[in-house]
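An overview of the molecular structure
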Amino acid sequence: LEELGMPLMHSDEGSLTLEDISTTVTTDDFFTGCPDGAANKDCNDETMYPVDFWLWDSRSYLNVLGVPLEVFEAIFPDKATLAGQHWHYGRNDGPVSY
């Protein structure tokens, strides 16, 4: 997708371990315009990153797949996610079939 012009955010800062390159961002951290503990769709205009489309790897996507929109909205009310602007990609975590 990046080669087709879609800008992607990369989290690798040149570190050698997963702990060094991983960033934990809580809902309170991400939604900067919402009071702590009160993120909702009425205050989700200001976010840490301007995300138009979420691309989740298959390890994370299972946490989203099949979750009712109302539940996900209460947990992480991001505009792109609520608009269905997300997809997943496989990380070699399943059988390869030909």
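Thresholds applied
Residues numbered from 1 in each chain as written. Predicted model: local features only at pLDDT ≥ 70, side-chain atom pairs only at ≥ 80, totals over all residues. Heavy atoms only, no water. Helix = DSSP H or I, 4+ residues; strand = E, 2+ residues; numbered from the N terminus. Buried < 20%, exposed > 50% of the residue type's maximum accessible area, 1.4 Å probe, protein only. Contact = heavy atoms within 4.5 Å. Disulfide = S-S within 2.5 Å. Patch = residues over 30% accessible without salt bridge, like charges linked within 9 Å, V, L, I, M, F, W, Y side chains within 5 Å. Areas by Shrake-Rupley, 256 points an atom, 1.4 Å probe, with all protein chains shown as cover. Salt bridge = Lys/Arg side-chain N within 4 Å of Asp/Glu carboxyl O.

What follows covers the overall build of the protein. For the protein, the helix and strand inventory stands at five helices and two strands. Tracing the protein from N to C terminus, the helices and strands come up as α-α-β-α-α-α-β. For the protein, the residues scored as buried account for 20% of the 98 residues in total. Here the contacts in the protein between residues at least 6 apart in sequence split such that 59% fall between residues at least 24 apart.

The next thing to look at is the state of the cysteines. Here a disulfide denotes a covalent bond joining the sulfur atom of one cysteine to the sulfur atom of another. Scanning the entire structure with this criterion turns up one disulfide. The side chain of C34 participates in a disulfide bridge whose partner is C43; the two sulfur atoms lie 1.9 Å from each other. When the S-S torsion is 110°, as for the bridge of C34 with C43, the disulfide is right-handed. Taking relative accessible area as the criterion, C34 reaches 9% and is therefore assigned buried.

Moving on: a nonpolar patch on the surface. On the surface, L1, L4, L8, F53, L55, W87 and Y89 cluster together into a nonpolar patch covering about 700 Å² of accessible area. Along the polypeptide, L4 turns up in the segment before helix 1 (18–21).

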